[in-house]
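# Architecture and fold: a report
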Amino acid sequence: MNLKPSPWWTPDVHADRRPFLLARNRIQAALRGWFAAREFIEVDTATLQVSPGNEAHLHAFATTAIGHAGEKTPLYLHTSPEFACKKLLASGERRIACFAHVYRNRERGPLHHPEFTMLEWYRAGETYDVLMEDCGALLKLAAKVAGVSHLTYRGATCDPDLAPERLTVADAFRRHAGIDLLATIDPDGATDRQRLAAAMQAAGLRVAGDDTWADLFSRVLVEKVEPELGFGCATILCEYPIAEAALARPVPHDRRVAERFELYACGVELANAFGELTDAAEQRRRFELEMAEKARVYGETYPLDEDFLAALAIMPEASGIALGFDRLVMLATGARRIDQVIWAPVAETAQ
């Protein structure tokens, strides 16, 4: 007989969760102080947007705005405050940080929640290498405030006092899967599906006939690379293929890869960062490719935010990063599920 677990608001369940939640508050206050001491302005962006973002595999919540005359306008709950933050950079802000509630559909599990808190920050005129240094400092600060020497998740540990390892995606594929990833990418960034499929089959990895290059890339990343990252010390996985970095600019030394990195600790992805793309025409082209893939896979698309594309024309060179704040709290407190560190979780839907 399966018994339904007690709701989060029952006193006994809340008593178990409360130490995690109080630690969450302390960590958030400390991070706010860290940003304020470095002259970041904390901003608050609107949740309702004309576009929730244009990544093929992100799923949004849709709603409708109704005007005085009854006219209807489709709107979405944002999946990230990124577009709004970049508009603020275009307006003249230089250093901004934002704790935003964001919404992603089709996501629920130990590390996923349909509504969660994203910490984003942007540095105009500064490189994404500075964001890597920020990540190390924030991991250390979160652990200190939580009163722990190590970040932990389900038996895995990570020492925040150690500098994060920096590992390119190409090196990670070579080290953990025995695959020469860059050999499957042309000098202009175009990808070679057949070559990657052959490399994966040689490495004993599954390949389906309808897999795209992006499908194959993701399979290697999820099955072979990510499970090896962030143990002992944090890992910064950098220089993603340009085809997997729709909002990032190419690295100066190799146009096959982009200024994108992800931060991992204890095998958990914590953050995603870019040296921001500011070419509006190229951004439009990439968004259209992403939406074509979304239509192919899911039979739907999201509109482009034309204001965002217009803002890119005057946005300064910048770097930006999105960090899953709830996941950071989990690792600093030893929580096993994300809903343990969220004050009032979204009700479970029928399974």
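Our structure is the block above this text.
This one's a predicted model, so the numbers in the text were calculated from it and none came from an experiment.

On to the packing of helix H4 (residues 169-177) against helix H6 (residues 213-225), then. Across the interface, H4 lies against H6 with an axial gap of 10 Å and an inter-helix angle of 60 degrees. With respect to each other, H4 and H6 are oriented oblique. The interaxial crossing formed by H4 with H6 has left-handed handedness. Side by side, H4 and H6 meet where Val169, Ala172, Phe173, His176 and Ala177 of the first sit next to Phe217, Val220, Leu221, Lys224 and Val225 of the second. Partitioning the contact of H4 with H6 into residue classes produces eight nonpolar, one polar and one charged.

This part covers the side chain of threonine 79. Relative to the helices and strands, threonine 79 resides in the loop between strand E4 (72-77) and helix H2 (82-91). Classification of threonine 79 by relative accessible area gives buried; the value is 4%. From its side chain, threonine 79 meets the backbone oxygen of proline 52 in a polar contact 2.5 Å long. The contact partners of threonine 79, leaving out residues within four places of it in the chain, are Pro52, Gly53, Leu58, His59, Ala60, Val102, Tyr103, Arg104 and Met118.

So, on to the packing of aromatic side chains. This structure, assessed with the given rule, holds twelve aromatic pairs. Centroid distance tryptophan 34 to phenylalanine 35: 5.0 Å. Interplanar angle 85 degrees. Geometry classified as edge-to-face. Look at phenylalanine 287 and phenylalanine 308: their rings are 6.2 Å apart centre to centre, the planes differ by 35 degrees, and that puts the pair in the tilted class. Pair noted here: phenylalanine 287 is in helix H7 (residues 280-298) and phenylalanine 308 is in helix H8 (residues 306-312), with a separation of 21 residues, a long-range link. Given the relative accessible area of 1%, phenylalanine 308 is considered buried.

Pairing between the strands of a sheet comes from backbone hydrogen bonds, and it takes one of two forms, parallel or antiparallel. Read across the sheet, eight strands follow the order E1-E5-E6-E15-E14-E13-E10-E9 without closing on themselves; strand pairing throughout is mixed. Edge positions in the sheet fall to strand E1 (41-42) and strand E9 (165-168), since each of these pairs with one other strand and no more. Relative to strand E10 (residues 235-238), E9 runs parallel, the two sharing four bridges. Following the sheet pairing, glutamate 165 is matched in E10 by threonine 235. Where H2 meets the sheet, its contacts fall on strand E5 (95-103), strand E6 (115-124), strand E14 (268-275) and strand E15 (318-324), and the angle it forms with E6 comes to roughly 25 degrees.

Analysis parameters
- Residues numbered from 1 in each chain as written.
- Predicted model: local features only at pLDDT ≥ 70, side-chain atom pairs only at ≥ 80, totals over all residues.
- Heavy atoms only, no water.
- Axes fitted to C-alpha atoms, helices over the stretch in contact; angles between N-to-C directions.
- Helix = DSSP H or I, 4+ residues; strand = E, 2+ residues; numbered from the N terminus.
- Parallel < 35°, antiparallel > 145°, perpendicular 65-115°, else oblique.
- Left-handed = near helix turned anticlockwise from the far one by under 90°.
- Contact = heavy atoms within 4.5 Å.
- Nonpolar A, V, L, I, M, F, W, Y, C, P; charged D, E, K, R; others polar.
- Buried < 20%, exposed > 50% of the residue type's maximum accessible area, 1.4 Å probe, protein only.
- Polar contact = N/O pair within 3.5 Å; in protein donor to acceptor, adjacent residues only side chain to side chain.
- Phe/Tyr/Trp six-rings, centres within 6.5 Å; stacked < 30°, edge-to-face > 60°.
- Pairing = 2+ DSSP bridges.

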